[in-house]
Amino acid sequence: MASGLVALLDDVAAIAKIAATSLDDVTAAAGKAGSKAVGVVIDDAAVTPGYAVGFTPDRELPIIAKIALGSLANKFLLLLPGALLISAFAPWLLTPLLMLGGAYLCFEAAEKLYEAVVKHEDTDTVEELALSSKELEKQKVTGAIRTDLILSAEIMAIALNDVADQPLALQAGALALVGLLITIGVYGVVALIVKMDDIGLHLSKGRAAAMRALGRGMVKAMPVVLDALTRIGTAAMLWVGGGIIVHGLEHYHFSPIPTWVEGLSHWAATAPAVGPVTGWLAFAVGSAAVGLVVGGLIVAALHLVPSKKH
């Protein structure tokens, strides 16, 4: 009986060891894959706060929670199964899909720049005023979840590309972990951002003068933070989208553009002491330039060419 119990405990220990090793593999793969998607994550965190602005303070966190749940549904019900099917049956589709998503990110960024230069009448504000608060909230949440689907698809595609050589089960575990951690991280940061003015208002009523000053500073900084996030999100879309296109062109051996961007990065990396930083910045700037050209061409095709027909 004792020897049987010892054998059973040995088997349990062996299974636990295998499970721990598998978990380590999944965690390592998820960390490697998730790091490549950081640019899209920055964009996601920069874009989302705008969907909760303009509502009463008691509705801000529930709106963020609804968007976060929609994001999890996007990742686990649609994107994760789709990514695994592509990996199993059509891995050749991954690079074209990545490039298509990269082009979309470039278009979104170029569209924002175009709208900043060419002012349009804000008809959306008039339409929003005609809606009830519940209808407006539903519209905003739906729009945010739709935007999240695009960004989440890009995150999952980038992550999948980095673990494509792993067994399917490990791919599934890594993608699930990346999706969960990124969702928690992004929407945790977003919740903190949208409540920053409320936190500042609370601190401004405190007893300590330093605390009151900090609170007033947080309230005043909120518009600046939101404006900075918009700019960071636009830059991130150009950098990430352009970088994806550059890597895709390199994959298909269309070498001139990838060679120029890589050459710029290698040249900048020769700077003494700060080489790694300047090399990365040079690649980001080169990728953003490619992204701006691609996005600009798409915006021109959608806006400028049709206008000449009238």
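Figured I'd write up the structure that's included with this text. (Residues numbered from 1 in each chain as written. Predicted model: local features only at pLDDT ≥ 70, side-chain atom pairs only at ≥ 80, totals over all residues. Heavy atoms only, no water.)

1. Section: the environment of Ser133
Here is the rule: Each helix is a run of DSSP H or I of at least 4 residues and each strand a run of E of at least 2, with the numbering of both proceeding from the N terminus.
Examined against the element boundaries, Ser133 turns out to sit in helix α6 (residues 133–163). Between the C-alpha atoms of Ser133 and Thr56, which are 77 residues apart in sequence, the distance is 9.7 Å.

2. Let's talk about the packing of helix α4 (residues 94–117) against α6
Our working definition: Between N-to-C directions, angles span 0 to 180 degrees; the directions come from axes that are lines fitted to C-alpha atoms, helices contributing only their stretch in contact. In this scheme, roughly parallel covers angles under 35 degrees and roughly antiparallel covers those over 145, while 65 to 115 is roughly perpendicular and the rest are oblique. Whether a crossing is left-handed or right-handed is set by the direction in which the near helix is turned from the far one by less than a right angle, anticlockwise for left-handed and clockwise for right-handed. Note on contacts: a residue pair qualifies if any of its non-hydrogen atoms lie within 4.5 Å across the two residues. For this classification, Asp, Glu, Lys and Arg are treated as charged, while Ala, Val, Leu, Ile, Met, Phe, Trp, Tyr, Cys and Pro are nonpolar and the rest, including Gly, are polar.
Relative to each other, α4 and α6 sit at 140°, their axes nearing to 10 Å. The pairing of α4 with α6 is recorded here as oblique in orientation. In this structure, α4 meets α6 at a crossing whose hand is left-handed. Only Ile150, Leu151, Glu154, Ala157, Ile158, Leu160 and Asn161 of α6 make contact with α4, whose side of the interface consists of Leu94, Leu98, Gly101, Gly102, Tyr104 and Leu105. Class assignment of the residues belonging to the contact of α4 with α6 gives a composition of nine nonpolar, three polar and one charged.

3. Structural notes on the pattern of salt bridges
Test applied: Counted as salt bridges are all cases of a side-chain nitrogen of Lys or Arg within 4 Å of a carboxyl oxygen of Asp or Glu. Here the term buried applies to any residue with accessible area under 20% of the maximum for its type, exposed to any over 50%, and partly exposed to those in between, with areas from a 1.4 Å probe on protein chains only.
Tallied over the full model, the rule gives five salt bridges. Here Lys195 and Glu60 are joined by a salt bridge, their closest N and O atoms 3.4 Å apart. On the criterion of sequence distance, the pair formed by Lys195 in the loop between α7 (168–194) and α8 (196–203) and Glu60 in helix α3 (residues 57–89) is long-range, its members being 135 residues apart. The two residues Lys195 and Glu60 agree in class, both being buried. In this structure, Asp148 and Lys75 form a salt bridge, with 4.0 Å as the shortest nitrogen-oxygen distance. Taken together, the positions of Asp148 in helix α6 and Lys75 in helix α3 put the pair 73 residues apart, joining distant regions of the chain. Each member of the pair, Asp148 as well as Lys75, is classed as buried.

4. Topic: the nonpolar core
Inclusion rule: Here the nonpolar core consists of buried residues drawn from Ala, Val, Leu, Ile, Met, Phe, Trp, Tyr and Cys, with membership extended through side-chain atoms lying within 4.5 Å.
Ile64, Ile67, Leu98, Leu175, Tyr187 and Val240 are the most contacted members of the largest nonpolar core, which totals 37 residues. Of all the secondary structure elements, the ones that give two or more residues to this core are α3, α4, α6, α7, α9 (209–251) and α11 (275–307). With nine residues, α6 is the single largest residue contributor to this core. If sequence neighbours within four positions are ignored, Leu175 has contacts with Leu80, Ala83, Leu84, Met156, Ala159 and Leu160.

5. Section: a nonpolar patch on the surface
Threshold: Excluding any residue in a salt bridge, patches collect residues exceeding 30% relative accessible area, merging like charges within 9 Å and nonpolar Val, Leu, Ile, Met, Phe, Trp and Tyr side chains within 5 Å. In short, Shrake-Rupley with a 1.4 Å probe defines the accessible areas, and a residue's cover is counted only from the protein chains shown.
A cluster of nonpolar side chains, Phe76, Leu77, Leu78, Leu180 and Ile184, forms an exposed patch at the surface whose accessible area comes to about 490 Å². Every element with two or more residues in the nonpolar patch is listed here: α3 and α7. What makes Ile184 exposed here is its relative accessible area of 54%.

6. What about the packing of aromatic side chains?
Stated formally: Any two rings among Phe, Tyr and Trp, with Trp reduced to its six-membered ring, count as a pair given centres within 6.5 Å; such a pair is stacked if its planes are under 30 degrees apart, edge-to-face if over 60, and tilted if neither.
All told, the structure shown has two aromatic pairs when counted by the stated rule. Centre to centre, the rings of Tyr104 and Phe107 are 6.2 Å apart; their planes meet at 55°, and the pair counts as tilted. Linking Tyr104 with Phe107, this pair stays in helix α4, spanning three residues, or about one helical turn.

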